[in-house]
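Each chain, written out:
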Amino acid sequence: MNPYQSKPTVVPVNPFDPREDAAVLRKAMKGFGTDEKAIIQVLTRRSNEQRLRIAFEFKTLYGKDLISDLKSETSGKFEDLIVALMTPLPQFYAKELHDATAGIGTDEDVLIEVMCTMSNHEIIVIKQAYTAIYGTLLEDDLRGDTSGNFKRLMTSLSMGNRSEDFHVDQGRAREDARSLLQAGELRLGTDESVFNAVLCSRSFPQLAAIFQEYQFLTGHDIDDAIKSEFSGDLEKALRAIVKVVRNKPLFFAERLHKSMKGLGTNDRQLIRIMVTRCEVDLGDIADMFQSKYGESLQSWIEGDCSGHYKKCLLGLLGLY
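Residues numbered from 1 in each chain as written. Predicted model: local features only at pLDDT ≥ 70, side-chain atom pairs only at ≥ 80, totals over all residues. Heavy atoms only, no water.

Looking at an unreviewed UniProt entry, the chain carries the name Annexin, with the source organism given as Bicyclus anynana. The UniProt entry for the chain carries this comment under Sequence similarities (unreviewed entry): "Belongs to the annexin family." (UniProt positions renumbered as here; feature names shortened; annotations may be inferred.)

See below:
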């Protein structure tokens with residue numbers, strides 16, 4: 001996979017006593033007032049799978065639903081974050097994708113962030129969760145809500161059928177680079193289907209080799225070529241794939257920065273990235289954030305968020 005070992009900020013606690021945790025949470029919510037600190041400390045120091053085990057024990061011991069209890073004791077963004085932490089990851093992704101396509105307008109940004117970064121296995125598990133919850137196929141909902149070449153790209157990605165052969169074939173990389181060059185810069189108009197086929201079906205290491213060959217052939221970056229050949233959502237999505245191939249943590253660091261910069265915060269995006277990456281590579285993302293922006297992710301969260309919501313986000317960084 002990655003040349004480096006990725007750095008999660010949340011790891012399963014060991015030894016793990018879900019009954020004890022359930023009792024701590026029950027005590028934190030019983031009677032007058034809520035002990036938010038106890039809730040944050042238990043939930044941000046357990047893996048998603050462990051939190052689900054705690055909910056199971058909670059219902060066994062007290063005959064009550066842990067998520068419902070947590071919802072009634074919390075509010076606002078803090079509640080949104082707690083509910084996200086308590087949701088099985090595939091279901092959480094399914095809900096984000098569903099909400100991005102349901103209703104008026106489509107949030108293509110969410111579709112790009114999820115569909116362009118997931119492995120085959122992740123996509124397949126998300127598709128199963130999606131159908132179980134909504135009774136429709138993710139692929140159909142994506143197709144019904146997008147159009148043109150962006151729709152084709154989303155359809156291809158939703159197959160979860162990218163090559164996972166990690167052996168790099170330099171000769172084929174050169175051929176693909178030449179095909180991309182001929183489909184784009186060397187002709188009037190762009191043959192999007194070639195970009196679609198290459199960027200959706202080659203393995204990530206193979207794509208890295210293709211982009212390198214492209215640079216050798218043309219003397220410039222594939223990213224610049226995509227910028228000049230494409231526009232709109234399709235351009236954003238193709239460039240996202242290029243970024244993920246080169247440096248996935250940097251891709252997410254930029255998304256986090258964007259969620260907090262300027263006026264107002266895109267809390268939904270902030271919560272989604274913090275919750276879904278904390279057990280994968282949030283440590284790397286925080287490092288990339290620091291090196292790209294010269295300020296820590298922690299300081300941005302502290303400056304942008306407040307109260308228990310802020311503390312809980314910092315807890316996911318291992319800082320509370």
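There is more to say, and it comes next.
K.L.:
Sorry, what's going on with the side chain of Glu79 here?
P.N.:
With respect to the element layout, Glu79 can be found in helix α5 (residues 76-86). The residues touching Glu79, leaving out its near neighbours within four places in the chain, are Lys71 and Thr74. (Helix = DSSP H or I, 4+ residues; strand = E, 2+ residues; numbered from the N terminus. Contact = heavy atoms within 4.5 Å.)

K.L.:
Can you walk me through empty space enclosed by the protein in this structure?
P.N.:
Taking a probe equal in size to a water molecule and rolling it over the atoms shows the remaining empty space. Scanning the entire structure with this criterion turns up 2 cavities of 30 Å³ or more. In this structure, the largest cavity occupies an estimated 80 Å³ of space. Every residue lining the largest cavity is counted, 14 residues in all, and those nearest its centre are Met118, Asn120, Ile123, Leu157 and Arg162. Every element with two or more residues in the lining of the largest cavity is listed here: α8 (120-134) and α10 (148-158). Residue composition of the lining of the largest cavity, grouped by class: 7 nonpolar, 6 polar and 1 charged. The volume enclosed by the second largest cavity comes to roughly 50 Å³. What lines the second largest cavity is Asn149, Arg152, Leu153, Glu192, Phe195, Asn196, Phe230, Leu234 and Leu238. Elements supplying a minimum of two residues to the lining of the second largest cavity: α10, α12 (192-201) and α15 (232-260). In terms of residue class, the lining of the second largest cavity is made up of 5 nonpolar, 2 polar and 2 charged. (1 Å grid on protein atoms, 1.4 Å probe; cavity = no way out; pocket = protein on both sides within 12 Å on 5 of 7 lines; lining within 4 Å. Points joined across faces, edges and corners; volume = space filled by probe spheres on them. Nonpolar A, V, L, I, M, F, W, Y, C, P; charged D, E, K, R; others polar.)

K.L.:
When you look at helix α19 (residues 307-316) in this model, what are you seeing that I'm missing?
P.N.:
Tyr309, Cys312, Leu313, Leu314, Gly315 and Leu316 are the residues of α19 that are buried. Looking at the packing, one finds that the buried side of α19 touches α2 (36-44), α3 (48-62), α5, α16 (267-277), α17 (282-293) and α18 (297-304). (Buried < 20%, exposed > 50% of the residue type's maximum accessible area, 1.4 Å probe, protein only.)

K.L.:
What's the story with unusual backbone geometry in this structure? I'm lost.
P.N.:
Phi is mostly negative for residues that are not glycine, and the peptide bonds are mostly trans. Here the amide bond leading from Asn14 into Pro15 is cis, since omega sits at 0 degrees, within 30 degrees of zero. Among the secondary structure elements, Pro15 is positioned in the segment before α1 (18-29).

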